[in-house]
Amino acid sequence: MNSRGSRNRHQFDLRGRLLLVAAALGLCSVALVGRAAYVQLINSDFYQRQGEARFVRELPIPTSRGMITDRNGEPVAVSTPVESIWGNPQELLRNPDRLPELAQALDMPLEVLSSRLSQRADKEFVYLKRRINPDQARRIIARDIPGVFSQREFRRFYPQGEAMAHVLGFTNIDDHGQEGLELAFDEWLSGTPGVQKVIRDRQGRAVESVDLVRAAQPGQDLTLSIDRRIQFLAYRELRNALVQNQASSGSIVILDVATGEVLAMVNLPTYNPNSVSGVNPETRRNRAVTDLVEPGSTMKPITVAAALKAGVVTPNTLVDTSPGYMSLGRYTIRDVSNNGVLTVTGIITRSSNIGAAKLAAKLPDDYFYDVIRGFGYGTVPHSGFPGEAGGVLLPPRRWSGSSKATMAYGYGMSVTPLQIAQAYAALGNGGYLIAPTFVKGRRNEGEQVIDPQTAAEIVRMMETVTVQGGARRAAILGYHVAGKTGTSRKASGGGYAHGRYISLFAGLVPATNPRFATVIVINDPQGGRYYGGLVSAPVFHNVMEGALRLMDVPPDDINAWLTVQAGSHARNVIPVPNGAADVLPQVDGAAAADEIDAAIPVAAWPLPPAVPVENRQ
């Protein structure tokens, strides 16, 4: 009996088994502690990321785009806060009974909403409606539809509307510049959105802010050289001129002569930058910097400047333009009438094509080309505006036998209104050409293209155009005005269209110490008048008269102003500039006003420039 119990105790060792169980539990505890240590200490980043991926989100902190102001600090482009409604497609599709209510709140067809959510069923984010009024967004969120949220964004607003559309351009739905200065300075104006970590509940709502990853940096402000008062004045007068003359389009450019700053730039037709959807792309084009025109007679002061610079003539040199036409190979150049013998000043006053062609004939080809190019023609103005054109100015090796003669009065070459304004600003700035700028206080590098004395002589010659020539309607009481009209035929279909013109006027005021260089280009006037002196010169008068007053520019012809105050008819007794009295005999006003580039080129750009003269065979 005892031997049998002894054998059972030997076969069943309770203590050993307990030790074995205890050792096994100890190993399990060590393994669990080790695993916990591994998870919590060694590999914690991985599990932290997994947890955050389910509950922590990085939300963007929207920031505003920099404000754009005119030269006087008046805002012309500002960013206003708006709300955008977005949703979680997965959450929304789990609540199909709420979709009709959501569609009604969004003013969206239910079919469109359902289709949009179905296409993004595997996503957690979709925009439902962007950039709406914050009050409207709050009403939508107040419906407490699962999976619907809102976020703050900014929308661009342009207080000046159509008047500054082509200068400013506009932004897209993400507030990035698309055209104009908004595009040119997009990096400067754009802010840097911030980033914030938040914890979201299972419905996607932010319930706790965890950390500020990056603070939002608003965009930097930009101060333009534009004066919004002059801009609107130019816009109004150009619009009136287009209506009165039944013209298709037009441009005005106003530069500060001394600095090259663009004070105003207007184009018509225009558009509303606050609502660009559905706008014809043609109306969004800034014609003043992109569209090319043949400058016509506005080129003649440049031709005379080249001749004076070369020393081949003086302002009083006589040039015989009889009998009013001149053969050039199988073509003939003609003036409106037989001007007889003119001084070099008279060539500008009477806008003689023959006189300009004869002056160009005295100059070497390369020299004439270099002078024209020195005034900025054929090169990009470097104003910083996107898409600005450099024009077309062929080198002498590509000229035909008559190219130089026709270029002398503005055919066979193409320029932009901005380039014409830049060239005339150089004449008014003592022959110093400065690249235009749209930023106040930024002065670009310049170049002396002609000596100051020659530039001053050209300005004095151009004064005669507003006293005795075809631009008397550009005259401004109390100020000496220097300018030049132009009336070029419009290229069309491989030639030049009959009865279609481009009317131009380029001028400087006050002429004794020029402050403004202004160019007006009116395209295709159909109101019965098409001469630059009748269509564009009055616009110059109206715009500059207001601009001189707004900028407090003192009169430089006080005697004329005093005469009017005394009751005389000042416009008939404006003192003739020095040297103007012996330019040419007096003619009737109609003949003086009817200045036109009497030339019909036989081929339109961009074909090689054929001879822009009338074929009399």
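The structure under discussion appears in the preceding block.
Since the model is a prediction, treat every value here as computed from it, not as a measurement.

Trainee: Describe in detail unusual backbone geometry, supporting the description with residues and values.
Mentor: In this structure, the amide linkage connecting Leu268 to the following residue, Pro269, adopts the cis form with an omega of 5°. Tracing the backbone shows Pro269 in the loop between β10 (262-268) and α12 (287-290). Following Val509, the chain continues into Pro510 via a peptide bond in cis, with omega recorded as -15°. The backbone of Asp107 sits at a positive phi, close to 55°, despite the residue not being glycine. Structurally, Asp107 can be placed in the loop between α5 (99-106) and α6 (110-119). Here Asp107 falls in the exposed class, since its relative accessible area comes to 67%. Residue Asp144 is not a glycine yet carries a positive backbone phi of 55°. Here Asp144 lies in the loop between α7 (134-141) and β5 (148-157). Classification of Asp144 by relative accessible area gives exposed; the value is 55%.

Trainee: Run through the packing of helix α13 (residues 300-310) against helix α19 (residues 452-467), naming residues and quoting values.
Mentor: Two numbers describe how α13 lies on α19: the axes approach to 10 Å, and their chain directions differ by 140°. As the angle between them shows, α13 and α19 are arranged oblique. As for the relative orientation of α13 and α19, their crossing is right-handed in sense. Contacts between α13 and α19 involve Pro301, Val304, Ala305, Leu308 and Lys309 on the former and, on the latter, Thr454, Glu457, Ile458, Met461 and Met462.

Trainee: Residue-level account of the side chain of Asp227, with values.
Mentor: Mapped onto the elements of the fold, Asp227 is located in the loop between β8 (222-223) and α11 (228-245). Given a relative accessible area of 0%, Asp227 falls into the buried group. Non-local contacts of Asp227, meaning those with residues more than four positions away in its chain, are made with Asp70, Arg71, Asn72, Leu263 and Met551.

Trainee: I'd like a rundown of the pattern of salt bridges, residues and numbers included.
Mentor: Within the structure shown, the criterion is met by 21 salt bridges. Put simply, Arg65 and Glu182 hold a salt bridge, and the shortest N to O gap is 2.9 Å. Here Arg65 is found in the loop between β1 (56-61) and β2 (68-69), whereas its partner Glu182 is found in helix α9 (residues 180-184), with 117 residues between them in sequence. A salt bridge links Arg228 to Glu74; its shortest N-O distance comes to 3.9 Å.

Trainee: Talk me through α13; I want residue IDs and the actual numbers.
Mentor: Counting along an α-helix, one turn takes 3.6 residues, and residues three or four places apart therefore face a common direction. Among the 11 residues that make up α13, 9 are buried, leaving the element largely enclosed by the rest of the structure. Buried residues of α13: Lys300, Pro301, Ile302, Thr303, Val304, Ala305, Ala306, Ala307 and Leu308, and no others. Looking at the residues trailing α13, positive phi occurs at Gly311, about 80°.

Trainee: Can you explain the nonpolar core? Please cite residues and give values.
Mentor: Residues Phe375 and Phe516 are the most contacted members of the largest nonpolar core, which totals 127 residues. The element that contributes the greatest number of residues to this core is helix α18 (residues 417-428), accounting for 8 residues. Counting 17 residues, the second-largest nonpolar core is a separate cluster that includes Ala103, Ala105, Leu128 and Ala137.

Trainee: Any details on the environment of Val509? Residues and values, ideally.
Mentor: Looking at where Val509 falls in the secondary structure, it is placed in strand β18 (residues 495-509). Once residues lying within four places of it in the same chain are set aside, the contact partners of Val509 are Ile476, Tyr479, His480, Val481, Pro514, Arg515, Phe516, Phe540, Met544 and Leu548.

The rules behind the values
- Residues numbered from 1 in each chain as written.
- Predicted model: local features only at pLDDT ≥ 70, side-chain atom pairs only at ≥ 80, totals over all residues.
- Heavy atoms only, no water.
- Helix = DSSP H or I, 4+ residues; strand = E, 2+ residues; numbered from the N terminus.
- Buried < 20%, exposed > 50% of the residue type's maximum accessible area, 1.4 Å probe, protein only.
- Axes fitted to C-alpha atoms, helices over the stretch in contact; angles between N-to-C directions.
- Parallel < 35°, antiparallel > 145°, perpendicular 65-115°, else oblique.
- Left-handed = near helix turned anticlockwise from the far one by under 90°.
- Contact = heavy atoms within 4.5 Å.
- Salt bridge = Lys/Arg side-chain N within 4 Å of Asp/Glu carboxyl O.
- Core = buried A, V, L, I, M, F, W, Y, C linked by side-chain atoms within 4.5 Å.

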